[in-house]
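Structural overview for review
Here's the letter readout for the chains.
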Amino acid sequence: MAKTGMSRRTALRAGAVAGGAALAGGGAAGRSRGGVTTFVVVTGASGAPGGIDALSLRGHRTVGVPLPGHRATDAQFALDHQCPQDPASLATRPSPLAGIGLDDYAEAAIRVVRAVSGFGPVVLYGGSMGGAVLNRVGSAVPHLVDRLVYDTAFCCVDLACPEDYLATPEGSTSLAGALAALVVADPAVIGAVRVNYRTADREALAGLKELLMAGADDAEFYGALAHLHPDESLTVGREDSRVRADTWGRVPRTFIRHTEDRMIPLALQDRMIAEADRATPRNRFDVRTVRAGHHATEEEFRRIVDVLDGLPECRR
């Protein structure tokens, strides 16, 4: 496996790439809307777009946001990624995510939210880096969103971006730097962060498992890696995604804390929750807690689905 030297800040970028007074009532949730609830799902870093089948089985609609650079036609994968891999090509092949940033992600999410908002309540759900997109969408179109759900996701309030939060004392125990061992290209050369999740480097994989899902057995861990995209935006983790209290602050919101998260430590999750609650004291986070790592196992995710299925927007 080809490796590149990385500064701590670049390593944190790779890891971030896996929070005025509010008005009472809220945006779309201030209206009584019939119809079937739609969960619009924003993936975290390196995730593939998709809905949540377990919610569909409970009678809800779910749809994934096709983030630019992560669509099936966006050439995330090439021959150099197959076996045997071509390290030289992986290190130099331009990324389909070059030049793509948070504005592009937010616009994609807003398009989906607009498309589904006429059918019933809309719950915008995101994990990890997807929280930056939730902040942008909630700030831009609060009237189209009934609830924002942050599943151990970045919610930037006092600080500008996820990178800034990882650099705080609360973020100091994050193991995000473990991703550095899997980065196979200079981000400045390919225009993105490229992580080789198909590596056979046992030491690097052990660090990655501890970071993402230490509670999983190897079969589930490798199954999860098979669904991850190698390339992620170079800039999303350092772009300003601070919330707007006058718009975002009107939307009801839920934060699902993961007690075993080694990417976004629990103390950092709690810091972002507290900052958001201070910013909008009349509309505080509905806080739920699950025992789970950053990337929930199948058993852990069942408890998250229970939380989502029990939201007010699902009981109309």
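This section reports on the structure supplied with the text. Note that the structure is predicted; figures quoted are calculated from it, not measured.

1. Focus on the sheet that holds strand β1 (residues 38-42)
Strand order in this open sheet of 6 strands is β2-β1-β3-β4-β7-β8, and the pairing throughout is parallel. Bordering the open sheet on either side are β2 (61-64) and β8 (286-290), each of which pairs with just one other strand. For this sheet, the mean angle separating the axes of adjacent strands, direction not counted, is 20°. Where β1 meets strand β3 (residues 122-128), 5 bridges bridge the pair, whose relative direction is parallel. What sits directly across from F39, in β3, is V123.

2. Structural notes on the packing of helix α8 (residues 202-212) against helix α9 (residues 218-225)
Between α8 and α9, the shortest axis-to-axis distance is 11 Å and the interhelical angle comes to 90°. One element, α8, and the other, α9, form an angle in the roughly perpendicular class. Contacts between α8 and α9 involve L205, L208 and K209 from the former and D218, F221, Y222 and L225 from the latter. Class assignment for the residues of the contact of α8 with α9 results in 5 nonpolar, no polar and 2 charged.

3. Focus on the pairing of β2
Here β2 shows a buried face lined by T62 and G64 and an unburied face lined by R61 and V63. When β1 meets β2, the two strands line up parallel, connected through 4 bridges. Paired with V40 across the bridge in β2 is V63.

4. Notes on the pairing of strand β7 (residues 253-258)
In terms of burial, β7 is largely enclosed, as 6 of its 6 residues are buried. Of the two faces of β7, both are covered, the one formed by R253, F255 and R257 as well as the one formed by T254, I256 and H258. Strand direction decides the pairing type here: strand β4 (residues 147-153) and β7, joined by 4 bridges, are parallel. Looking across to β7, one finds that D151 is bridged to I256.

5. Describing unusual backbone geometry
Here the amide bond leading from C83 into P84 is cis, since omega sits at 0°, within 30 degrees of zero. When you line up the elements, P84 lands in the loop between β2 and α3 (87-92). Backbone geometry at S46 places phi at a positive 70°, although glycine is not the residue there. Topologically, S46 is positioned in the loop between β1 and α2 (53-56).

6. A word on the pattern of salt bridges
According to the stated counting rule, one finds 20 salt bridges in the structure shown. A salt bridge links R93 to D80, with the nearest nitrogen and oxygen atoms 2.6 Å apart. Placement of the pair is R93 in the loop between α3 and α4 (102-116) and D80 in the loop between β2 and α3, with a sequence separation of 13 residues. With a shortest N-O distance of 3.8 Å, R278 and D158 are connected by a salt bridge. Of this pair, R278 sits in helix α10 (residues 266-279) while D158 sits in the loop between β4 and α6 (162-166), and the two are 120 residues apart along the sequence. Taking relative accessible area as the criterion, D158 reaches 45% and is therefore assigned partly exposed.

7. Describing α8
If you check which residues of α8 are buried, you get A204, L205, G207, L208, K209, L211 and L212. For α8, the secondary structure elements touched by its buried residues are α9. At the N-terminal end of α8, a side-chain oxygen is found 3.1 Å from the backbone nitrogen of E203, two or three residues along, and the residue is D201.

8. Re the nonpolar core
L124, V137, Y150 and L208 are the most contacted members of the largest nonpolar core, which has 69 residues in total. Ranked by the residues each element gives to this core, the list is headed by α4, at 8 residues. With near-sequence residues (within four places) excluded, Y150 lies in contact with G126, G131, L134, N135, C155, W248, T254, F255, I256 and F285. Counting 17 residues, the second-largest nonpolar core is a separate cluster that includes I52, V305, V307 and C314.

9. Here's the deal with the packing of aromatic side chains
Taken as a whole and assessed by the stated rule, the structure comprises 4 aromatic pairs. For the ring pair Y150 and F255, a centre distance of 6.4 Å and an interplane angle of 5° mean the geometry is stacked. Taken together, the residues span a long stretch of sequence, with Y150 in strand β4 and F255 in strand β7 at a distance of 105 residues. On the numbers, 5.6 Å between centres and 90° between planes, the contact of F255 with F285 is edge-to-face. Taken together, the residues F255 in strand β7 and F285 in the loop between α10 and β8 connect sequence positions 30 residues apart.

Conventions we followed
- Residues numbered from 1 in each chain as written.
- Predicted model: local features only at pLDDT ≥ 70, side-chain atom pairs only at ≥ 80, totals over all residues.
- Heavy atoms only, no water.
- Pairing = 2+ DSSP bridges.
- Helix = DSSP H or I, 4+ residues; strand = E, 2+ residues; numbered from the N terminus.
- Axes fitted to C-alpha atoms, helices over the stretch in contact; angles between N-to-C directions.
- Parallel < 35°, antiparallel > 145°, perpendicular 65-115°, else oblique.
- Contact = heavy atoms within 4.5 Å.
- Nonpolar A, V, L, I, M, F, W, Y, C, P; charged D, E, K, R; others polar.
- Buried < 20%, exposed > 50% of the residue type's maximum accessible area, 1.4 Å probe, protein only.
- Salt bridge = Lys/Arg side-chain N within 4 Å of Asp/Glu carboxyl O.
- Polar contact = N/O pair within 3.5 Å; in protein donor to acceptor, adjacent residues only side chain to side chain.
- Core = buried A, V, L, I, M, F, W, Y, C linked by side-chain atoms within 4.5 Å.
- Phe/Tyr/Trp six-rings, centres within 6.5 Å; stacked < 30°, edge-to-face > 60°.

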